[in-house]
Amino acid sequence: MSHLTTCLVFLLLAFVTYTYASGVFEVHNNCPYTVWAAATPVGGGRRLERGQSWWFWAPPGTKMARIWGRTNCNFDGAGRGWCQTGDCGGVLECKGWGKPPNTLAEYALNQFSNLDFWDISVIDGFNIPMSFGPTRPGPGKCHGIQCTANINGECPGSLRVPGGCNNPCTTFGGQQYCCTQGPCGPTELSRWFKQRCPDAYSYPQDDPTSTFTCTSWTTDYKVMFCPYGSAHNETTNFPLEMPTSTHEVAK
């Protein structure tokens, strides 16, 4: 086999592996308004009108990763501007984390024991209802979760901000709410979030009920904003099926 043929074979195998391996994330906007989706450290950002999806691939080993939605944004042709919630330094293509409040989907791929770890978090507050989960659910804690309560409408006055509801750590700081200097427990305000979104992180050490796992490379994942098409909904079922049509994965 010639050197050129060998190179072509390896390139073909790499393309097939990239195309069909798990680790593909679909971010879908089902809200009745525009959402500017954001994702770091891979993905960047994309404007999504109602009904639109965005796909990107995250390589194994990706960790400390976030997906969130930004609202009430205004960007120029160069991708510079500002968002009322979730702004990431005034750019469309995010490189850093968003400014609270923003409902977060967090994940780490192919970690300890070949597991993916993922969650929904309101530690940075809440701005958009969200569902998150595997497209092919498995045993144990490998199933879809959501945070879709009317948190913006019911937000305590001390946490209310334009466009969303801040977490007490963002508003007040300190060990009691942020757990930056050792162990800490829930507070009255974190319990308020937990009662409305039982599967979501409500304070930094809320791990036992808020971390979910799937075996690495057995599934892709889907994040949906406003899974019921409105500001909030208490229904427990939400769709996570990937569409059967061909789609483009953002590199």
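Small disclaimer: the values here were computed from a predicted structure and weren't measured.

## Remarks on the side chain of glutamate 26
Here is step 1 of the chain: On the secondary structure map, glutamate 26 appears in strand E1 (residues 24–29).
Here is step 2 of the chain: By relative accessible area, which is 2% here, glutamate 26 ends up buried.

## Concerning the packing of aromatic side chains
Here is step 1 of the chain: If you walk through the whole model with that rule in mind, you get ten aromatic pairs.
Here is step 2 of the chain: Each ring, one from phenylalanine 132 and one from tyrosine 221, has its centre 6.2 Å from the other, and the planes form 55°; the classification is tilted. Of this pair, phenylalanine 132 sits in strand E9 (residues 130–134) while tyrosine 221 sits in strand E14 (residues 221–225), placing them 89 residues apart in sequence. Like tyrosine 221, phenylalanine 132 is buried.
Here is step 3 of the chain: Relative to phenylalanine 193, the ring of tryptophan 192 has its centre 5.1 Å away and its plane inclined at 85°; by these criteria the two rings are edge-to-face.
Here is step 4 of the chain: Members of the aromatic cluster, joined through ring pairs, are Phe25, Trp54, Phe56, Tyr107, Trp118, Phe132, Phe212 and Tyr221.
Here is step 5 of the chain: A cation over an aromatic ring shows up here: lysine 141 above the ring of phenylalanine 212, its NZ or CZ 4.6 Å from the ring centre.

## What about the side chain of threonine 71?
Here is step 1 of the chain: Within the element layout of this structure, threonine 71 appears in strand E5 (residues 65–75).
Here is step 2 of the chain: Those residues within four positions of threonine 71 in sequence are excluded, and the remaining contacts are Tyr33, Trp36, Cys83, Gln84, Thr85, Asn127 and Ile128.

## Description of the state of the cysteines
Here is step 1 of the chain: Taken as a whole and assessed by the stated rule, the structure comprises eight disulfides.
Here is step 2 of the chain: Sulfur-sulfur distance for the disulfide between cysteine 155 and cysteine 165 comes to 2.1 Å. Torsion about the S-S bond of the cysteine 155 and cysteine 165 cystine: about 75°, corresponding to right-handed handedness. Here cysteine 155 is found in the loop between helix H2 (151–154) and strand E11 (160–161), whereas its partner cysteine 165 is found in strand E12 (residues 164–165), with ten residues between them in sequence.
Here is step 3 of the chain: Across the disulfide from cysteine 169 sits cysteine 178; the S-S distance is 2.0 Å. In this structure the cystine formed by cysteine 169 and cysteine 178 twists about its S-S bond by roughly 110°; its chirality is therefore right-handed.
Here is step 4 of the chain: Residue classification places cysteine 178 among the buried positions, given a relative accessible area of 14%.

## Some details on the nonpolar core
Here is step 1 of the chain: Counting 44 residues, the largest nonpolar core has Phe25, Ile67, Tyr107, Phe132, Ile151 and Phe225 as the members making the most contacts within it.
Here is step 2 of the chain: Setting aside anything within four residues of it in sequence, one finds isoleucine 151 in contact with Phe126, Cys165, Trp192, Phe193, Arg196 and Cys197.

## Thoughts on unusual backbone geometry
Here is step 1 of the chain: Backbone torsion omega between threonine 40 and proline 41 reads 5°, so that peptide bond is classified as cis.
Here is step 2 of the chain: Along the chain, proline 41 falls in the loop between strand E2 (35–40) and strand E3 (44–48).
Here is step 3 of the chain: At the junction of proline 100 and proline 101, the peptide bond is cis and its omega measures out at 5° in the coordinates.
Here is step 4 of the chain: Even without being glycine, cysteine 179 reaches a positive phi, approximately 60°.
Here is step 5 of the chain: Of note in this structure, tryptophan 217 is not a glycine but carries a positive phi near 70°.
Here is step 6 of the chain: Turning to its location among the elements, tryptophan 217 is positioned in the loop between strand E13 (212–215) and E14.

About the criteria used
- Residues numbered from 1 in each chain as written.
- Predicted model: local features only at pLDDT ≥ 70, side-chain atom pairs only at ≥ 80, totals over all residues.
- Heavy atoms only, no water.
- Helix = DSSP H or I, 4+ residues; strand = E, 2+ residues; numbered from the N terminus.
- Buried < 20%, exposed > 50% of the residue type's maximum accessible area, 1.4 Å probe, protein only.
- Phe/Tyr/Trp six-rings, centres within 6.5 Å; stacked < 30°, edge-to-face > 60°.
- Lys NZ or Arg CZ within 6 Å of the ring centre and 35° of its normal.
- Contact = heavy atoms within 4.5 Å.
- Disulfide = S-S within 2.5 Å.
- Core = buried A, V, L, I, M, F, W, Y, C linked by side-chain atoms within 4.5 Å.

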